Amino acid sequence: MTGKGDLRGRKNLALTIGAGVLITLLMVFIITPILGLFFRITPEQFLASLTDPMVWNALVLSLITAGISTLVIILVGTPVAWINARHRYPGREIVDTLIDLPLVLPPTVAGLALLMAFGRMGLIGGFFYNFGISIAFTTIAVIIAQIFVSVPFYIRQARASFEQLDTMYENAARSLGSTPLPTFFTIILPLVKAGLIGGAIMSFARALGEFGATIMFAGNFQGRTQTMPLAIYTAMQGDLYASITLSVILIIISFLVIAIVKFRLRGYMQR
Amino acid sequence: MALHRDLRDFHLEAEFSIGKGETFVLIGENGSGKSSLLYLLSGLLSPESGFISLDNRVLYDGCKGIHIPAEERDIGFVFQNYAIFPHLTVFENVAFGLRRRKVPESELRSRVAENLALLSLEHLSDVRADQLSGGECQRAALARALVIEPSLLLLDEPVSALDAIAQERMRSQICAYVRKSGIPCITVTHSFRDAVSLGDRLGVMERGRIIQDGDLEEVMGSGNTFLHHFFCGCKKDSHRL
């Protein structure tokens, strides 16, 4: 018996050590490059770069465009997610597949496709150009590109949240005289808000990091379409410190986003 | 009322009427269509054909294409899982139906307070509903259904979450309320005591049909195996084992 127990104990120890080594290796793999960035810049250099107009412009533009994109995604995506979660209609599966498409599409392909649609010669862009409105290579194009690539993150999460919500709450609200719209705002939305906020934060983070589709469709003009990822790429060729500063800011924002999703929302769920 | 609807395993076909202040208790095996019948009456499920009228008001008429939606039926429904809104306080849960009816705030407060008192929930008024015990949820669900002064009360397993003493108290509260208000009540239950103490009339459902309908003695006197099991808690021929 003792021998068997020993063997089991040794097996467990080996498994624990194996798991520990794997986790450590993965952590080193993820943390080393990030630390590399932080160690390449002194706090003084970081603060000095912050006053660089290129850094400042990119930061402001990124936050504004990603904010607007997320807002549009929430306004349009929430009803779509709700309809797809609760109602059957012909073509629902196709709609779902199309919503997920940007997740697997290379961003450069998305950018090119957007250019073909909204560019001066494009299907929709051509129509607007007749009225003197051009979309491509403007801040609006940045927002369109961000919405295109980040909308699936929100809708997938929102749809899952709606599907998980028991229909008994809607039934109870209806039996108490509540029509669909008040039921949605007073009962359903508060009950799924944690999931929706989580989805919105992931979409915001994806929009903030958007590079490929933006550079193809909106170009790289400082103060107008040069978001943080584009500025990092541009600055790399000249002022490395500006590039590192922007990268550090993006890492901090991304880290905060994940931390909020993980800790804040866990609190929400438990309440 | 008379109703028809295809369910997953069988066709639901029920016909009965119920008087003011009368409690009709529906019993039957799991999946016999009892809860579905409540959902059809409340409008949360649509029948395929049939006729439902309440106090001379037609709620559903398959021939004339009348279908009053659930939110306009004024039917109080206490669900099996209570469906108490977890993010609202007990007060707001009970006030929900009145707010949707745009009842003035002062009247709303007094009606909610009256119903909270009726079910001994006054001290929990400001507590969020996700902090309640099962029994408190059930009482809050009943208060929420009663406060709208419904024209029909539907109860799906109304006392199942309570302990024996609380069950007895709840039954007498329901009985007293139904008698006093004159509101007809349909109760679905698996409990023998519910059937005996709540029911003026008893209906037995089997595969979507009401196969027995009458007072307690009449129904008990029939030789149905399910009924025998229901009232004795034992199989008909168990003495042979």
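Treat the numbers as computed from the prediction; the structure is a model and nothing was measured.

Trainee: What exactly am I supposed to notice about the domain arrangement of chain B here?
Mentor: For an interface, size is often stated in terms of accessible area lost upon the parts coming together. Residue and element names in this part refer to chain B. Under the domain assignment, chain B is made up of domain 1 (18–45 + 69–74 + 152–241) and domain 2 (84–149). Contacts between the two partners involve 14 residues from domain 1, matched on the other side by 11 residues from domain 2. Between domain 1 and domain 2, roughly 1,000 Å² of surface is buried when both sides are summed, and carbon and sulfur atoms account for 61% of that area. Taken as a group, Asp74, Met170 and Tyr177 account for 39% of the area that domain 1 buries against domain 2, more than any other trio of residues on that side. Inspection of the region where domain 1 meets domain 2 yields 1 salt bridge. Our count for the contact surface shared by domain 1 and domain 2 stands at 4 residue pairs in polar contact (both at pLDDT 80 or more).

Trainee: Can you help me understand the state of the cysteines in this one?
Mentor: In protein structure, a disulfide is the covalent linkage between the sulfur atoms of two cysteines. All names here are of chain B. In total, this model carries 0 disulfides over all chains according to the counting rule given. A disulfide-free cysteine, Cys137 has its sulfur positioned 20 Å from the sulfur of Cys185, the nearest such atom. We classify Cys137 as buried; its relative accessible area is 11%. Looking at the unpaired Cys175, the closest cysteine sulfur is the one in Cys185, lying at 8.6 Å.

Trainee: Looking at this model, I keep getting lost on the interface of chain B and chain A. Mind explaining?
Mentor: Contact with chain B, which involves 24 residues of that partner, is made by 18 residues of chain A. When the area that chain B buries against chain A is broken down by residue, the three leading residues are Glu71, His87 and Arg100 of chain B, summing to 31%. When the shortest N-O distance is used, the salt bridge between Arg174 of chain A and Glu71 of chain B registers 2.9 Å. For the pair chain B and chain A, the interface holds 3 residue pairs in polar contact (both at pLDDT 80 or more). Counting residues per element, the ones that place at least two in the side of chain B that touches chain A are β7 (75–78) and α2 (90–100) of chain B. Top contributing element to the side of chain B that touches chain A by residue count: α2 of chain B, with 3 residues. By residue class, the composition of the side of chain B that touches chain A is 14 nonpolar, 4 polar and 6 charged.

Trainee: Before we go on, may I ask you to explain the packing of helix α5 (residues 107–118) of chain A against helix α7 (residues 139–164) of chain A in this structure?
Mentor: Between two packed helices, both the angle of their axes relative to each other and the distance between the axes serve to describe the pair. Residues and elements named next belong to chain A. At a minimum axis separation of 11 Å, α5 and α7 run at an interaxial angle of 125°. On the basis of their axis angle, the class for α5 and α7 is oblique. Note on packing geometry: the crossing formed by α5 with α7 is right-handed. Residues Ala110, Leu114 and Phe118 of α5 touch α7, and the partners they reach there are Ile144, Ala145 and Phe148. For the contact of α5 with α7, the residue count by class is 6 nonpolar, no polar and no charged.

Trainee: I tried to follow unusual backbone geometry on my own but got confused; where do I start?
Mentor: The general pattern is negative phi for most residues beyond glycine and trans for most peptide bonds. All names here are of chain B. Here Ala83, not a glycine, exhibits a phi torsion of approximately 55°, which is positive. Inspection of the secondary structure assignment puts Ala83 in the loop between β7 and α2. A residue is classified by how much of its surface remains accessible, and Ala83, at 0% relative accessible area, is buried.

Trainee: In this structure, what is going on with helix α8 (residues 168–175) of chain A? I would like to understand it.
Mentor: Three- or four-residue spacings in an α-helix give side chains the same orientation, since the helix completes a turn every 3.6 residues. Burial of α8 of chain A is extensive: 7 of the 8 residues sit out of reach of the surface. Those residues of α8 of chain A hidden inside the fold are in contact with α3 (53–86) and α9 (180–208) of chain A together with α1 (34–42), β7, α2 and α4 (134–146) of chain B. Gly177 of chain A lies just past α8 of chain A and shows a positive phi near 100°.

Trainee: For this particular structure, what's the right way to read the packing of α3 of chain A against α9 of chain A?
Mentor: All names here are of chain A. Two numbers describe how α3 lies on α9: the axes approach to 9 Å, and their chain directions differ by 140°. The pairing of α3 with α9 is recorded here as oblique in orientation. Handedness of the crossing formed by α3 with α9: right-handed. Across from Ser62, Leu63, Ala66, Gly67, Thr70, Ile73, Ile74, Thr78 and Trp82 in α3, the residues of α9 making contact are Phe184, Ile188, Leu189, Leu196, Ala200, Ser203, Phe204, Ala207 and Leu208. For the contact of α3 with α9, a count of residues per class yields 13 nonpolar, 5 polar and no charged.

Criteria and thresholds
Residues numbered from 1 in each chain as written. Chains lettered and ligands numbered in written order. Predicted model: local features only at pLDDT ≥ 70, side-chain atom pairs only at ≥ 80, totals over all residues. Heavy atoms only, no water. Domains from an automatic or database assignment. Contact = heavy atoms within 4.5 Å. Buried area = accessible area lost by both parts, 1.4 Å probe. Salt bridge = Lys/Arg side-chain N within 4 Å of Asp/Glu carboxyl O. Polar contact = N/O pair within 3.5 Å; in protein donor to acceptor, adjacent residues only side chain to side chain. Disulfide = S-S within 2.5 Å. Buried < 20%, exposed > 50% of the residue type's maximum accessible area, 1.4 Å probe, protein only. Helix = DSSP H or I, 4+ residues; strand = E, 2+ residues; numbered from the N terminus. Nonpolar A, V, L, I, M, F, W, Y, C, P; charged D, E, K, R; others polar. Axes fitted to C-alpha atoms, helices over the stretch in contact; angles between N-to-C directions. Parallel < 35°, antiparallel > 145°, perpendicular 65-115°, else oblique. Left-handed = near helix turned anticlockwise from the far one by under 90°.

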